[in-house]
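# Close look at the chain arrangement
Below are the chains, spelled out letter by letter.
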Amino acid sequence: MQRQLLLTLFLSIGFIINLRAQTTEEIVAAIEKEGTENSQLETLAYQLMDYNGPRLVGTPEMKSAHDWAVNTYKSWGIDAENQQWGTWKGWQRGITHVDMVSPRVASLHATQLAWSPSTGKKGVTAALVTLPTVGDSMAFAKWLPSVKGKIVMVSMMQPTGRPDDNWEEFATEASFAKMKEEREAMEKAWDENMKNTGYSSRTINKALEDAGAVAIAQSRWSRGFGANKIFSAGTDKIPVMDISLEDYGMLYRMVEHGAKPEIKIVAESEDLGEVPAFNTIATIPGTELPDEYIILSAHFDSWDGATGATDNGTGTITMLEAARILKKVYPNPKRTILIGHWGSEEQGLNGSRAFVEDNPKIVEGLQALFNQDNGTGRVVRISGQGFLHAYDYLGRWLEAVPDAYKNEIETTFPGTPGGGGSDYASFVAAGAPAFSLSSLSWAYWNYTWHTNLDTYDKIVFDDVRNNAILTAILTYMACEDPEKTSREKAVLGINPRTGEQREWPSQRSPNRRGGLD
Ligand SMILES: [Zn+2]
């Protein structure tokens, strides 16, 4: 036993001495080897997406994910904690089941929207109605009382469930053109009519609820086979259901033909009152410049129509994996490495805005932040975000990255500062050098972004592996850089859309109490 201890001690000292003498090339090679031969990405993805599930702010699943992240870091010897920044409406999704019960029986592809009120176990059964064509808001107000006891369909019926690329491949040119023309005309008429009602697609749910409707059915197609956007309900008492394009279209046609379809909705969910909202922050302390920071950044929350695999499960596991690799290969960084897993990005960058507001010293000491949040693809774009000298330091760091991880990356310098879109913008607004590692799309916007299809099977692990290794190398280089990064801002050009001089985005406060009246 003692001999073994002694041996371990010798080996450890040997390892430390060896590390000291390592060159940049050797560290980069070790990062690449660890990230390739000992990758934990599949395990992390399983635990976060399949086992834990979606991470909507205010849900118990969001809290269990935060706890999982802390425990995962601790198992790697990295300190981590959940930092509360506010509170949110607490809600738990329950069983959703929707069936057509008349004139025939069919189970439908449907789910309740986030924070939807519950129907209770018994559910609600009622006839469907569509919105009328009205000339003005007076006519709509006159129609409104007729929704009492009904389920109202508030989305336009799509003329086709085939995505455009499918039409492009198989249709004759003439019929593809005709379909697009007809669809455009339908959309125009729909928008016009919505305007006439005096409401918008965002406000109409509440008006229907107030008029006595018992539920709302909607279908927000994402222009890909089987893909719908799943956002929040926007009602206080009645459930709001997303129904697949296929089933929604069938029901809509039946209403139009006078078949009087009825559906039964069971949407069990639970209002959990006001619950705390967190960021998970992990730390690998710096040895020489502990008050200067490199932040690995990815929002941790998701919408809950699926399991948030590419928004932002992949950004999340990229940062976890990069941190794990760094802890193993480069355990004593010159500067401090923080990993920020932000809460409630989806409702307006709330977690990261709170962190920026609450930690001015860290923002002041920021050497660089790397954020990833647009899908599973390889990183192909990095912008200097309007920092005049970003080219110098990002260029230096990228030089150390082997070609395989950077040969598709297009850089823009100095670029323009991002005003939103993801959490790096919270730091850029405070004048701190924060960058987005932008991914190849992999049909993100249609198929996975905020849809019912954002699941584990869409993850392209080799691309995520690429990104974890890239992030680890950039972080290592930013830690070791002899210089502190410059924050000098470039003179921003004219915005071609407005013709006006661009202004640096201003720092905004988070919503620290969301979804509650
Ligand atoms: Zn996102």
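Rules used throughout
- Residues numbered from 1 in each chain as written.
- Predicted model: local features only at pLDDT ≥ 70, side-chain atom pairs only at ≥ 80, totals over all residues.
- Heavy atoms only, no water.
- 1 Å grid on protein atoms, 1.4 Å probe; cavity = no way out; pocket = protein on both sides within 12 Å on 5 of 7 lines; lining within 4 Å.
- Points joined across faces, edges and corners; volume = space filled by probe spheres on them.
- Helix = DSSP H or I, 4+ residues; strand = E, 2+ residues; numbered from the N terminus.
- Nonpolar A, V, L, I, M, F, W, Y, C, P; charged D, E, K, R; others polar.
- Buried < 20%, exposed > 50% of the residue type's maximum accessible area, 1.4 Å probe, protein only.
- Contact = heavy atoms within 4.5 Å.

## Looking at the layout of surface pockets
Its volume calculated, the largest pocket comes out at about 1400 Å³. In terms of lining, the largest pocket is formed by 45 residues, of which the most central are Arg202, Gln218, Phe231, Ser232 and Ala233. Looking at the lining of the largest pocket, the elements that each hand over two or more residues are β1 (79-102), α7 (173-197), α8 (204-210), β8 (262-284) and α16 (444-448). Tallied by class, residues from the lining of the largest pocket come to 17 nonpolar, 16 polar and 12 charged. Here the second largest pocket defines a volume of roughly 490 Å³. Lining the second largest pocket are 26 residues, with Asp373, Gly420, Gly421, Ser422 and Tyr424 positioned closest to its centre. Secondary structure elements with two or more residues in the lining of the second largest pocket: β12 (379-383) and α16. Examining the composition of the lining of the second largest pocket, we find that 3 residues originate from one element, β12, more than from any other. Across the lining of the second largest pocket, the residue classes tally to 6 nonpolar, 14 polar and 6 charged.

## Structural notes on the environment of Tyr391
If you trace the backbone, Tyr391 turns up in helix α13 (residues 390-399). The exposed category is assigned to Tyr391, whose relative accessible area is 54%. With 28 residues separating them in the primary sequence, Tyr391 and Gly419 have C-alpha atoms 20 Å apart. Once you skip the residues sitting within four places of it in the chain, Tyr391 turns out to touch Arg396 and Phe413.

Just geometry here; none of it tells us what the structure is for.
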